Each structure stands twice: as C-alpha cells, then as structure tokens.
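# Architecture and fold: a report
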Amino acid sequence: MDKGTVRTHEGTDTGTDAAATARHARFGRLPEPVRVEDMVEERPAVAPDPARDAYDPDEWLVRYCL
C-alpha cells in the first residue's frame, strides 16, 4: 500500500475520497514537537516583600536591652 491509499474496513461507510483526503491532510501526521524551553515558565514563588528587607537585626537590642 502506498502513502496515497486509504484503507477502509469493508461494510462501513467512510464518506467520499475528498473527505478521506481532508482527514488525512488534517490528521495524517504528528504535530511538531514542543521544545523544553517553551514548556517551562520561571516565576518567583512568592512576591517580593519590602518589609522583609527592612528588618534590622540589631533592633531587638534597642527594644529589649535599653
């Protein structure tokens, strides 16, 4: 069987040759592979918190020791 021939099961109605050709044109080959770079999205897990960076490690000295 060559590439242009469409096999059908006997006793079933598959439509016309034009419909078979259209199906083969649409579904006859696999889609292009997707690159790994296109499947991965990098985002920070948590939004940056400005209050976290404003912490002064020596603040407890002023609050509790004075």
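Residues numbered from 1 in each chain as written. Predicted model: local features only at pLDDT ≥ 70, side-chain atom pairs only at ≥ 80, totals over all residues. Heavy atoms only, no water.

Before going further, it helps to examine a nonpolar patch on the surface. Taken together, the side chains of Tyr 55, Trp 60, Leu 61, Val 62 and Tyr 64 make up a nonpolar region of the molecular surface, amounting to roughly 620 Å² of accessible area. Considering the arrangement of structural elements, one finds Leu 61 in helix H4 (residues 59-65). Leu 61 sits in the partly exposed class, given a relative accessible area of 36%. (Patch = residues over 30% accessible without salt bridge, like charges linked within 9 Å, V, L, I, M, F, W, Y side chains within 5 Å. Areas by Shrake-Rupley, 256 points an atom, 1.4 Å probe, with all protein chains shown as cover. Salt bridge = Lys/Arg side-chain N within 4 Å of Asp/Glu carboxyl O. Helix = DSSP H or I, 4+ residues; strand = E, 2+ residues; numbered from the N terminus. Buried < 20%, exposed > 50% of the residue type's maximum accessible area, 1.4 Å probe, protein only.)

Turning to the pattern of salt bridges, a few remarks are in order. All chains considered together, the criterion is met by four salt bridges. A salt bridge links Glu 37 to Arg 35; the nearest nitrogen and oxygen atoms lie 3.8 Å apart. The exposure class assigned to Glu 37 is exposed, which follows from its relative accessible area of 57%. With a shortest N-O distance of 3.4 Å, Arg 43 and Glu 41 are connected by a salt bridge.

For the rest of this paragraph, the subject is the confidence of the model for the protein. Considering every residue of the protein, the mean pLDDT works out to 77; 76% of them sit at 70 or more. Confidence, read as mean pLDDT per element, is least for helix H3 (residues 50-53) in the protein (74) and greatest for helix H1 (residues 17-27) (91). (pLDDT = per-residue confidence, 0-100.)

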